[in-house]
Amino acid sequence: MTATLIDGKQISAECRKETAASAEQFVNETGVRPHLAAVLVGDDPASQVYVRNKELACERAGLQSTLHRLPAETTQQELLALVQTLNEDVSVHGILVQLPLPSHLNSTQILDAITPLKDVDAFHPENVGRLLQGRPRFLPCTPAGVMKMLEVSGTETAGRRVTIVGRSDIVGKPMAALLLQKGADATVTICHSRTAEIAEECRRAEILIAAVGIPEFVRGDWVRPGAVIIDVGINRVGDRLAGDVEFAAAAERAAAITPVPGGVGPMTIAMLLQNTLHAARLQHGFVS
Ligand code: GUN
């Protein structure tokens, strides 16, 4: 392997340390501990692990977290009522409803019901709109984590060709918005299932971001020699985890690459903690 590894575990540990110090200062100034309320509906095993990791990370950074576990049969009205209660609870600063929700529930309606000031995932249309207009309230966690990895690894984005594979609302679209912002100034291409000559689009990329949720979808020979590769995928394949990039072959051509696990995953959680602290500041009038 010739590529440098971009170590998400290490970078996220630094971020969490900074958030913990700022959170402690906030507690000392206000007497209020930033508080994340997480909602988990049903018993999807991967979601249980993700939510547990988020809770642990809160605890370690000195943030309060409360997990609301609801049975898989929960109705839309019951879940909306819980969101409303959390919206009105002044001791709760951030609300996270873990996705995916069971298929009988309308996720869009639930996410829209979270008050935008507590929307630490940045999924609410008001927060998405603000991001697109270049005046974000919260930065979407996974894309913000990717930006931090690019920054720490010394990867310049201004004027460079970035290809994003995947157009999801959680990663692909907000990732493009962040890279287009003034200051990031990248030239962005988004590829998806109907893109023609996707391998060629990827080969043009100086920075390639894979977020399709298909194991090893991006082949090694789609990588431009010297490119920086960010692999957002976390896919279970038998008893191992695989990213969206064919790692070994890509690492032979890339200048730098993120591993799976230990790449983007830990960064998402670190950014969630930052957003929870930011939400507490917003609600206590420290920032506007
Ligand atoms: N499920 C997978 N990723 C995420 C995320 O970033 N936020 C929430 N709420 N659910 C998810």
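Every chain is numbered independently, its residues counted from 1 as its sequence is written. In keeping with the predicted nature of the model, local features appear solely for residues at pLDDT of at least 70, side-chain atom pairs appear and are counted solely at 80 or more, and the whole-chain, interface and lining totals rest on all residues. Side-chain measures were taken over the full set of non-hydrogen atoms in the model, leaving aside hydrogen atoms and water.

## What about the overall build of the protein?
Logical step 1: Scanning the protein from terminus to terminus reveals ten helices and eleven strands.
Logical step 2: In terms of C-alpha radius of gyration, the protein reaches 19 Å, essentially the compact-globule figure of 19 Å for 288 residues.
Logical step 3: Taking the principal axes of its C-alpha atoms as reference, the protein extends roughly 50 × 40 × 35 Å.
Logical step 4: Throughout, exposure labels follow a simple rule: accessible area from a 1.4 Å probe, protein chains only, divided by the maximum for the residue type, with under 20% read as buried, over 50% as exposed, and the rest as partly exposed. For the protein, the proportion of its 288 residues judged to be buried stands at 48%.
Logical step 5: Contact definition: two residues touch when any of their heavy atoms are within 4.5 Å. Intrachain contacts of the protein at a sequence separation of at least 6 include 71% that bridge at least 24 residues.
Logical step 6: To be clear on the numbers: accessible area is Shrake-Rupley with a 1.4 Å probe, and residue cover counts the displayed protein chains and nothing else. Taken as a whole, the protein presents about 13,300 Å² of accessible surface, with 51% of it coming from carbon and sulfur.
Logical step 7: In this tally, Lys and Arg are treated as positive and Asp and Glu as negative; His is ignored, and so are the chain termini. Here the site of a charge means NZ on Lys, CZ on Arg, CG on Asp, or CD on Glu. One way to put it: in the protein the 27 positive side-chain charges average out to a point 3 Å from where the 32 negative ones average out. Only DSSP runs of H or I covering at least 4 residues are called helices, and only runs of E covering at least 2 are called strands; the numbering of each starts at the N terminus. Each radius of gyration is computed over the set of C-alpha atoms, and the globule rule expresses the reference value as 2.2 Å times the number of residues to the power 0.38.

## Let's talk about the sheet that holds strand S6 (residues 187-191)
Logical step 1: Taken together, the six strands give an open sheet; going across it, the order is S1-S11-S8-S7-S5-S6, and neighbouring strands pair in parallel fashion. Here the strands that pair on one side only, and so sit at the sheet edges, are strand S1 (4-5) and S6. Pairing between strands requires that DSSP locate at least two bridges from one strand to the other.

## Some remarks on unusual backbone geometry
Logical step 1: Here leucine 99 and proline 100 are connected by a cis peptide whose omega angle stands at 0°.
Logical step 2: Relative to the elements of secondary structure, proline 100 occurs in the loop between strand S4 (94-97) and helix H4 (107-113).
Logical step 3: The omega torsion of the bond from valine 260 to proline 261 falls at 0°, within 30 degrees of zero and hence cis.
Logical step 4: Non-glycine residue alanine 122 carries a positive phi angle of around 60°.
Logical step 5: Looking at the secondary structure, you find alanine 122 in the loop between H4 and helix H5 (125-132).
Logical step 6: For alanine 122, a relative accessible area of 8% puts it in the buried group.

## With respect to the layout of surface pockets
Logical step 1: Detection works on a 1 Å grid of protein atoms alone, calling trapped sets that fit a 1.4 Å probe cavities and calling open sets with protein on both sides within 12 Å along at least five of seven lines pockets, with lining residues defined by an atom within 4 Å of a point. Grid points are joined across faces, edges and corners, and a volume is the space filled by probe spheres set on the points. Of the volumes computed, that of the largest pocket is approximately 1,500 Å³.
Logical step 2: Looking at the largest pocket, it is lined by 47 residues, and the ones nearest its centre are Tyr50, Val232, Ile234, Gly265 and Thr268.
Logical step 3: The set of elements that each furnish at least two residues to the lining of the largest pocket consists of helix H1 (8-30), helix H2 (45-60), S4, helix H6 (141-152), strand S9 (235-237) and helix H10 (264-283).
Logical step 4: Residues were grouped as follows: Ala, Val, Leu, Ile, Met, Phe, Trp, Tyr, Cys and Pro as nonpolar; Asp, Glu, Lys and Arg as charged; and all remaining residues, including Gly, as polar. Split by residue class, the lining of the largest pocket holds 25 nonpolar, 13 polar and nine charged.

## What about the nonpolar core?
When a protein is soluble and globular, its nonpolar side chains tend to lie buried together.
Logical step 1: As used in this record, nonpolar core signifies buried Ala, Val, Leu, Ile, Met, Phe, Trp, Tyr and Cys residues forming a set joined through side-chain atoms within 4.5 Å. Counting 52 residues, the largest nonpolar core has Val146, Leu150, Leu179, Ile209, Ile230 and Val232 as its most contacted members.
Logical step 2: Setting aside chain neighbours within four positions, we find valine 232 in contact with Thr142, Val146, Val171, Ile209, Ala210, Ala211 and Val264.
Logical step 3: Membership of the second largest hydrophobic core comes to 19 residues, among which are Ala3, Cys191, Ala210 and Val223.

## Details of the packing of aromatic side chains
Logical step 1: Centres within 6.5 Å are what make two rings of Phe, Tyr or Trp a pair, Trp counting through its six-membered ring; a difference in plane orientation under 30 degrees is then read as stacked, over 60 as edge-to-face, and the rest as tilted. Enumeration according to the criterion identifies two aromatic pairs in this entry.
Logical step 2: With a centroid separation of 5.6 Å and 85° between ring planes, the pair formed by phenylalanine 217 and tryptophan 222 is classed as edge-to-face.

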